[in-house]
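Topology and contacts: notes
Here is how the chains run, residue by residue.
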Amino acid sequence: MKRKLGLLLAVIALLVGGAMLFARQQLAQRLFDRALDTSVGIDQSAALGDGLHAYVCGSGSPMPDASRAGPCIAVLAGNQAFVFDAGSGSIRKLMRMGFPMPRLQAAFLTHLHSDHIDGLGELMLQAWVGGHRTAPLPIYGPAGTDQVVGGFNAAYQLDRGYRIAHHGPQVVPPGGFGGAPTLIALPDGTGSQVAYDRDGVQITVIRVNHAPIAPAFGYRIDYKGRSIALSGDTVYSPGFVAAAKGADLMFHEALNKPMVAALGKKLAERGQANTAQIMTDIQNYHASPEDAARAAREAGVKALVLYHLVPAPPARLIEPLFLGDAPKQFSGTLKLAKDGMLVSLPAGGKDVNFTSAF
Ligand SMILES: [Zn+2]
Ligand SMILES: [Zn+2]
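What counts, and where the lines are drawn
Residues numbered from 1 in each chain as written. Chains lettered and ligands numbered in written order. Predicted model: local features only at pLDDT ≥ 70, side-chain atom pairs only at ≥ 80, totals over all residues. Helix = DSSP H or I, 4+ residues; strand = E, 2+ residues; numbered from the N terminus. Buried ≥ 20, exposed ≤ 12 C-beta atoms within 10 Å, placed from the backbone. Contact = placed C-beta atoms within 7 Å. Pairing = 2+ DSSP bridges. Axes fitted to C-alpha atoms, helices over the stretch in contact; angles between N-to-C directions. Parallel < 35°, antiparallel > 145°, perpendicular 65-115°, else oblique. Left-handed = near helix turned anticlockwise from the far one by under 90°. Nonpolar A, V, L, I, M, F, W, Y, C, P; charged D, E, K, R; others polar. Core = buried A, V, L, I, M, F, W, Y, C linked by C-beta atoms within 7 Å.

1. Concerning the overall build of the protein chain
In terms of helices and strands, the protein chain carries twelve helices and 15 strands. Taken over the C-alpha atoms alone, the protein chain extends approximately 100 × 55 × 45 Å along its principal axes. In the protein chain, which comprises 358 residues, the proportion classed as buried is 42%. Within the protein chain, contacts between residues at least 6 apart in sequence are counted, and of these 67% link residues at least 24 apart.

Rendered as structure tokens:
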């Protein structure tokens, strides 16, 4: 009797286990189908109204960070899209945000420090394959951009061959591979000048101060009365403030010097003298959060988003320490950039709307 009962219980357990496994599989299939339906192949940017939209594809710095890619801001202006810097990991974030790669017109580099260019190969590849380009991606930047873009083009030559051979030239048109450098030279004494002007979108290049790295640029994007200024890497720069005057939104880099000094001290204590020295060196060519707040106040912008955060606060509770006195120096909207942040400036409006893609 006991044995029979045991057998019955074993059979029931098997049936229940099997049914649960089946239900789990079904649920997994349904979730997968739903994800396919709601995300794959959909132009998520089509739901955004006319205006300027800034995608934070990378809010970090060269420091390793699980949640922040290297510096990258992308902008959608009406039908035209642009990428400003391509830090490590940023292009994957950009794709996850539903950035309309087929509308990408050009990339702009602020300067040629590795943390701003190390995602360039992936950007050129996505622009070609995902953006269906038939001509190389124009890449604007300071002197030396030709060397950088040429290097990436060379490094990706083998991959170019693999993909054309495998997918065919209809799918990956050979002419769309790689990047085409366009060098920007600001004449001495010129603080800013228009570098791109097409179909209502104007992009101005701005000289900033990231000495000894020169030239280094910030950019301003204007479209239908709305505007975004982004600093690239710089100390407080009066030229950037002048060019950013009246912009709706400012992205400014920020480095918290006491926090970086504390990092350096700890590294030195633990015998890592070289890295400790770097923590000292980097303090003199970046802006503090207070410097950024001052720039935003003087430029009269509506909102300030700090990016290229060094060190990025690892927890929300540490953010006030990073910001220091910045909130006292700028009375507009002040935020720390996060990867996935989307800032929208509707055409014909005054609002600055923040949402998050993930
Ligand atoms: Zn730099
Ligand atoms: Zn940098």
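From this point, the discussion proceeds with the structure in view.
2. Remarks on the pairing of strand β9 (residues 213-223)
Taken across its eleven residues, β9 has nine buried, putting it largely inside the fold. Where strand β8 (residues 201-210) lies against β9, nine bridges are found, and the strand directions are antiparallel. From the neighbouring strand, I206 faces β9, where its bridge partner is G218. With antiparallel pairing between neighbouring strands as the criterion, β8 and β9 make up a hairpin whose turn holds two residues. Across five bridges, β9 lies against strand β10 (residues 226-230) in antiparallel orientation. Counterpart to Y219 in the pairing with β10 is L230. Connecting β9 to the next strand, β10, in antiparallel fashion are two residues, including K224 with a positive phi near 45°.

3. Re the environment of L5
For L5, the location among the structural elements is in helix α1 (residues 2-39). You can call L5 exposed: it has 9 C-beta atoms within 10 Å. Here the alpha-carbon distance between L5 and Q277, two residues 272 residues apart in the chain, equals 74 Å.

4. Here's the deal with the sheet that holds strand β6 (residues 179-183)
Read across the sheet, eight strands follow the order β6-β5-β4-β3-β2-β1-β14-β15 without closing on themselves; strand pairing throughout is mixed. Lying at the two open borders of the sheet, with one neighbouring strand each, are β6 and β15 (353-356). For this sheet the average axis-to-axis angle between neighbouring strands, irrespective of direction, equals 20°. When strand β1 (residues 51-58) meets strand β2 (residues 72-77), the two strands line up antiparallel, connected through six bridges. The residue bridging V56 from the neighbouring strand is I73, located in β2.

5. What to know about the packing of helix α8 (residues 257-269) against helix α9 (residues 273-281)
The geometry of α8 relative to α9 is characterised by a closest axis approach of 8 Å and an angle of 165° between their N-to-C directions. When the axes of α8 and α9 are compared, the pair comes out roughly antiparallel. In the packing of α8 onto α9, the handedness of the crossing is left-handed. Residue-level contacts link V260, A261, L263, G264, L267 and A268 of α8 to A273, T275, A276, M279 and T280 of α9. Looking at the contact of α8 with α9 residue by residue, the class counts come to eight nonpolar, three polar and no charged.

6. So, helix α10 (residues 289-299)
Of the residues making up α10, those classed as buried are P289, E290, D291, A292, A293, A295 and A296. At its buried positions, α10 is contacted by α7 (238-243), β11 (249-255), β12 (303-310), α11 (319-323), α12 (326-329) and β13 (333-336). Where α10 terminates, the next one or two residues include G300, which has phi positive at roughly 70°.

7. What about the sheet that holds strand β7 (residues 192-198)?
With respect to topology, seven strands assemble into an open sheet ordered β7-β8-β9-β10-β11-β12-β13, the strand pairing being mixed. Looking along the sheet, the strands with just one partner apiece sit at the ends: β7 and β13. The sheet shows a mean angle of 25° between the axes of neighbouring strands, direction not considered. Bridge analysis of β11 against β12 gives seven bridges, and the strand direction is parallel. Among the inter-strand pairings, E253 is bridged to a residue of β12, identified as Y307.

8. Things to note about the environment of I282
Mapped onto the secondary structure, I282 falls in the loop between α9 and α10. Here I282 falls in the partly exposed class, since 17 other C-beta atoms lie within 10 Å of it. In the structure, I282 is positioned 242 residues away from V40 in sequence and 42 Å away in space, judged by C-alpha atoms.

9. Observations regarding the nonpolar core
In terms of nonpolar packing, the biggest core is built from 95 residues, with C57, I73, A74, V75, L249 and L304 touching the most fellow members. For this core, the element with the highest residue contribution is β12, accounting for seven residues. Aside from chain neighbours lying at most four places away, what touches V75 is L52, H53, A54, F82, F84, I221 and I228.

Keep in mind these values describe shape, not function.
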